[in-house]
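# Structural description and commentary
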Amino acid sequence: MLVTRISFCLRCVLTLAGALALLYTLSYPDSLLPPTPDVAYVQGYTMYDIKPVIWLIPLLFMEVASSLGKSRNKVWFIAMGTVFVGSLLAYPVLQARAPEWVTPTLPFEDGKLRMGLFYYAIIMAVSFLLRCGLFVYLFHEPRQDEMDDAALDANILEPSKAQTVREIAANPVRVRPRFLFGSPDQSLIDRFWELMRRLSLVRRKKGLLYGLAAAFVIAWFILYPRPTEQEALQRDLRIMYEYTVPPGGGYRATPRAVHAALRVFRHVSDRELFAGMTFRQAETWLHLSRAPATYRAQLRDESDLSLPSVDDVFESRTRFFTVSDGKRTAVLFVRTDKKGDRITVSEAVDAGWNAVADEHRRRFGTDVGARFFTR
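Residues numbered from 1 in each chain as written. Predicted model: local features only at pLDDT ≥ 70, side-chain atom pairs only at ≥ 80, totals over all residues. Heavy atoms only, no water.

### Digging into the state of the cysteines
Keep this limit in mind: The definition used for a disulfide is geometric: two cysteine sulfur atoms within 2.5 Å. The cut-offs for exposure are 20% and 50% of the maximum accessible area for each residue type, with area from a 1.4 Å probe on protein chains only; residues under the lower value are buried, those over the upper are exposed, and the others partly exposed.
Applying the stated criterion to the full structure yields zero disulfides. For Cys-9, which is in no disulfide, the shortest distance to another cysteine sulfur is to Cys-12 and amounts to 6.3 Å. By relative accessible area, Cys-9 is classed as partly exposed at 47%.

### A word on the environment of Ala-357
The criterion, for reference: Only DSSP runs of H or I covering at least 4 residues are called helices, and only runs of E covering at least 2 are called strands; the numbering of each starts at the N terminus.
Along the chain, Ala-357 turns up in helix 12 (residues 355-373). Owing to a relative accessible area of 12%, Ala-357 belongs among the buried residues under this scheme. The sequence separation of Ala-357 and Pro-35 amounts to 322 residues, and the corresponding C-alpha distance is 8.6 Å.

### Comments concerning the layout of surface pockets
Our working definition: Both site types are read off a 1 Å grid over the protein atoms alone. A 1.4 Å probe that fits but cannot get out defines a cavity, while an open set with protein on both sides within 12 Å along at least five of seven lines defines a pocket; lining residues have an atom within 4 Å of a point. Grid points are joined across faces, edges and corners, and a volume is the space filled by probe spheres set on the points. Note on residue categories: nonpolar means Ala, Val, Leu, Ile, Met, Phe, Trp, Tyr, Cys or Pro, charged means Asp, Glu, Lys or Arg, and polar means any other residue, Gly included.
If you add up the space inside the largest pocket, you get close to 450 Å³. Around the largest pocket, the lining is made up of 21 residues, and of these Ser-31, Glu-109, Lys-112, Lys-327 and Arg-328 lie nearest the centre. Take the lining of the largest pocket: its biggest share by element is three residues, from helix 9 (residues 255-271). Considered class by class, the residues forming the lining of the largest pocket number eight nonpolar, four polar and nine charged.

### Notes on the nonpolar core
We count it as follows: We call a set of buried Ala, Val, Leu, Ile, Met, Phe, Trp, Tyr and Cys residues a nonpolar core when their side-chain atoms join them within 4.5 Å. Residue contacts are defined here by distance: any two heavy atoms, one from each residue, within 4.5 Å place the two residues in contact.
Judged by nonpolar contacts, the single largest core of 32 residues is most densely connected at Met-240, Phe-265, Phe-274, Phe-320 and Phe-321. When contributions to this core are tallied by element, the ones reaching two or more residues are helix 8 (229-239), helix 9, helix 10 (279-285), helix 11 (293-299), strand 3 (318-324) and strand 4 (329-336). In terms of residues, this core owes the most to one element, helix 9, which gives eight residues. Those residues in contact with Phe-321 that sit more than four places away from it in its chain are Met-240, Tyr-241, Phe-265, Leu-286, Leu-288, Leu-299, Arg-300, Ala-330, Val-331 and Leu-332. Leu-23, Leu-26, Tyr-28 and Val-83 belong to the second largest nonpolar core, which has 19 residues in total.

### What to know about the packing of helix 1 (residues 2-27) against helix 4 (residues 72-97)
Definition in use: Lines fitted to the C-alpha atoms define the axes, with helices restricted to the stretch that makes contact. Angles between their N-to-C directions range from 0 to 180 degrees. Each angle receives one of four descriptions, namely roughly parallel if under 35 degrees, roughly antiparallel if over 145, roughly perpendicular if within 65 to 115, and oblique otherwise. Handedness of a crossing is defined here by the sense of rotation of the near helix relative to the far one, left-handed for an anticlockwise turn of less than a right angle and right-handed for a clockwise turn.
One way to put it is that helix 1 packs onto helix 4 with a least axis distance of 8 Å and a crossing angle of 45°. By the angle between their axes, helix 1 is oblique relative to helix 4. The hand of the helix 1/helix 4 crossing is right-handed. Counting all contacts with helix 1, which are made through Phe-8, Arg-11, Cys-12, Thr-15, Leu-16, Ala-19, Leu-20, Leu-22 and Leu-23, the residues of helix 4 involved are Arg-72, Lys-74, Val-75, Trp-76, Ile-78, Ala-79, Met-80, Thr-82, Val-83 and Ser-87. Taken together, the residues of the contact of helix 1 with helix 4 break down into 13 nonpolar, three polar and three charged.

### Side note on the sheet that holds strand 5 (residues 343-351)
The cut-off we apply is this: The rule for pairing is simple: two strands pair if DSSP sees at least two bridges between them.
Taken in spatial order, the three strands of this open sheet run 3-4-5, and their pairing is antiparallel. In this open sheet, the two edge strands, each paired with only one partner strand, are strand 3 and strand 5. The sheet shows a mean angle of 15° between the axes of neighbouring strands, direction not considered. In this sheet, strand 5 lies alongside strand 4 in antiparallel orientation, the contact comprising eight bridges. Residue pairing for strand 5: Arg-335 is matched across the bridge by Val-345. Of the strands in this sheet, strand 3, strand 4 and strand 5 are in contact with helix 9, which crosses strand 5 at around 145°.

Here it is as structure tokens:
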């Protein structure tokens, strides 16, 4: 019995790990196989060929882990349900504090947790229909009468002894109970009915408990406080200054800070909030004083920077604010008036999120510039 329980728990843990991997591959496939334009030049089979169906790998692992013993469906749905409920509880928290995990910051990113949960729910529904519906119908265990050697099919009974409906109705078979040990024991019957009432009460309590748990999860998902636009902006203005110090020295923004910085830069660019401001006023609006003095110089570096997503041959703009984690880069470019002391236009630029999208945008910029100056 102990070995059986340990085996059951181990299968649940393995299947749970597979369910987590399944949700991750559905939500963040680009983190496993980052898009790269070099794949187009590779001949033959590559891992990128299976990227659209890479989620089948953890799904097959779950099937193998849950099938190593009895109660296969119980193990499967315990793991799937635990991950699904946990994701629903984490969803509003991540949306309020780290939205880049829930929704894509840029349109060419993968679907993040929102789309991952959607596909995960579809897989759960399909597996329920198959395991508890179709498979039960196709592979059900034989009934007791199917295994009884004395049972006879209706088509092999003696037709000459058959009765009509009227004959059966005229002579109904009345079964008279006969107690072999005297009159029934009423106290035993009462204890039986008491046991049935207790079982019914336990069932109702379980149903109530599950209902309350489901109501709590739904209420948490819907009622968890989301920040307003201004609150989200203040959150990003605070997060964008998070950094780490690599072993080689210098400063490097955290991935969370780069996403926050890009959201802030797009907010500024879309609304042209810096139009008419001086550089000092724009720095004050961005709360640049929150960063250490040496990091400020890195953030405000105005030297030329080559970005993989931009063809800057024909550009004449100033790099005003740059946040980078070494892989992703968010830059706020500005243009000034004739005197050069006030900002007129600001533009948010990203690079490093998607190498294929960066290559396409760089080529598009080159083509547009070449056509413009050859007219």
